[in-house]
Amino acid sequence: MFKNGIDINTVSELRLRTTIYFGCGAINKINDIAAELVTRNIKKVLVISGRGAYKATGAWDVIVPALESRGIAYALYDKITPNPSTAQIDEAVALAADAQAVLAIGGGSPIDAGKSAAILLAHPGKTAAELYEMKFTPATAVPIIAVNLTHGTGTEADRFAVATILEKEYKPAIAYDCIYPTWSIDDPALMTGLSAAQTRFVSIDAINHCVEAATTKTASPLSISLAREAIALVAQYLPVAEKNPADLEARYYLLYASMLAGVSFDNGLLHFTHALEHPLSGVKPELTHGLGLAILLPAVIREIYAAKSVVLADILAPLVPGLTGDAAEAAQAAKGVEQWLAAAGVPQKLADEGFTAADIDKLVDLTFTTPSLGGLLALAPVTADADAVRRIYTNSLTKLA
């Protein structure tokens with residue numbers, strides 16, 4: 001249970017824009033956080049979670065006594081689904097409009113919903129749809145505590161959140177400094193119950209964060225270095241976690257990779273893959289985010305490789321050995337990633353998820369009309385016009401030639 005002298009049972013305090021308690025047993029730090037809430041005179045929190053993982057993981061058994069023993073009241077909203085809707089966020093806020101902080105328990109969906117609720121609690125009268133349609137710009141939010149239950153999104157360490165406006169099939173993203181969590185808990189022992197599919201999809205989400213953050217127009221030595229390390233860790237430990245879901249060392253380093261990837265894209269930002277995935281799960285909310293990203297990734301790499309061949313050859317080396325950074329390797333790199341994904345248990349393409357060529361025009365249109373996605377497209381390393389977007393969707397329908 002040691003790598004480079006690290007004891008995974010030691011809880012480390014990682015100081016980024018968020019203070020992250022990281023390591024096996026980190027969930028017990030909720031007691032310190034609850035004590036700090038008391039010093040801030042916070043008497044009630046809104047708890048936001050999915051339907052069952054907060055209990056199944058054992059997190060709830062530690063959180064409830066920590067709050068109750070300090071006299072902190074709480075209201076629980078446990079109806080968040082994957083790809084959460086603005087209606088769910090509004091419903092959660094209405095449950096506890098007098099809450100002074102938000103405690104989000106889960107993966108990207110509950111934590112993103114919690115971040116959004118924290119803004120609305122600080123802006124009475126505003127709705128989640130108004131927030132995600134950019135009809136107001138928040139500068140404040142109530143404090144956020146994130147108890148992370150997956151190793152994929154990195155949302156416990158960044159300023160981003162995503163929600164779906166179902167009526168419009170929009171899935172915009174927001175990014176505000178006020179929604180960096182005040183505290184986050186990253187405890188790999190809470191993640192051993194993730195299914196094989198969830199384990200794959202969340203880890204692939206982290207890889208996508210890395211590929212995009214290392215190749216945007218705003219990429220930096222930091223975003224590239226973090227991406228390189230994170231991809232190497234996923235390549236090493238994802239097969240281990242799939243073989244033995246209870247392997248805590250594997251969960252520890254997949255979680256660390258996810259956190260690094262989150263910080264990488266918090267600095268380098270994102271472009272094609274996330275911009276194009278949001279219309280997919282906007283149209284089909286049942287589509288898992290990580291699966292949508294996996295489907296698009298090979299075609300995105302083929303589209304951008306010539307512009308960022310040296311960086312991509314470097315960071316993709318654990319997945320596709322032998323790349324030299326020659327711009328002519330675009331097809332080889334894309335096919336290599338596609339083959340790695342299939343070997344990892346994710347061979348699906350858009351056609352497997354019910355999309356056809358007849359859907360491409362609608363997806364292209366949503367990519368350019370969904371609020372916020374234009375900002376991602378503007379950061380792509382090549383021109384992100386309708387032709388490029390159409391090529392990526394079309395090349396993602398079936399296996400690359």
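Look up: the structure comes first, before these words.
Let me sum up the structure you'll find in this document.

Calculation rules
Positions within a chain are numbered from 1, following the residues in the order the chain's sequence is written. In keeping with the predicted nature of the model, local features appear solely for residues at pLDDT of at least 70, side-chain atom pairs appear and are counted solely at 80 or more, and the whole-chain, interface and lining totals rest on all residues. Note that water and hydrogens are dropped before the side-chain values are worked out from all heavy atoms of the structure. Throughout this description, buried means an accessible area under 20% of the type-specific maximum (1.4 Å probe, protein chains only), exposed means over 50%, and partly exposed covers the range between. Numbering goes from the N terminus for both helices and strands, where a helix is a DSSP run of H or I of at least four residues and a strand is a run of E of at least two. Paired strands are those between which DSSP finds at least two bridges. Planes of paired rings set the category: under 30 degrees apart is stacked, over 60 is edge-to-face and the rest tilted, where pairs are Phe, Tyr or Trp rings (Trp by its six-membered ring) whose centres lie within 6.5 Å. Placement of a charge over a ring requires the Lys NZ or Arg CZ to be within 6 Å of the ring centre, with the centre-to-atom vector within 35 degrees of the ring normal. In this text, buried Ala, Val, Leu, Ile, Met, Phe, Trp, Tyr and Cys residues form a nonpolar core when linked through side-chain atoms within 4.5 Å. We call two residues in contact when some of their heavy atoms are within 4.5 Å.

**Side note on the pairing of strand E4 (residues 19-22)**
Side chains of E4 alternate between two faces, with Thr19 and Tyr21 and Ile20 and Phe22 buried alike. For strand E3 (residues 12-15) and E4, the ladder comprises four bridges, and the chain directions are antiparallel. Note that in E4 the partner of Ser12 across the bridge is Phe22. The turn linking E3 back onto E4 is made up of three residues. In the sheet, E4 pairs with strand E11 (residues 183-186) via four bridges, with the strands oriented parallel. Bridge pairing links Tyr21 to Ile185 in E11.

**Remarks on the packing of aromatic side chains**
The full count for this structure, using the stated rule, is seven aromatic pairs. Plain terms: the ring middles of Phe22 and Tyr252 are 5.1 Å apart, the flat faces sit at 85° to each other, and that makes the pair edge-to-face. Of this pair, Phe22 sits in strand E4 while Tyr252 is found in helix H9 (residues 248-268), placing the two residues 230 residues apart along the sequence. Across the pair, exposure class does not vary: Phe22 and Tyr252 are buried alike. Here a set of aromatic residues connected by ring pairs shows up, and it is made of Phe22, Tyr237, Tyr252, Tyr253 and Tyr256. Between the NZ or CZ atom of Lys284 and the centre of the ring of Phe355, over which it lies, the distance is 5.2 Å.

**Section: the nonpolar core**
In terms of nonpolar packing, the biggest core is built from 85 residues, with Phe272, Leu276, Ile301, Leu316, Trp340 and Tyr393 touching the most fellow members. With eleven residues, the top contributor of residues to this core is H9. If we skip the residues at most four places from it in the chain, Tyr393 touches Leu276, Pro279, Leu280, Leu296, Leu350, Ile360, Leu363, Val364 and Thr367.

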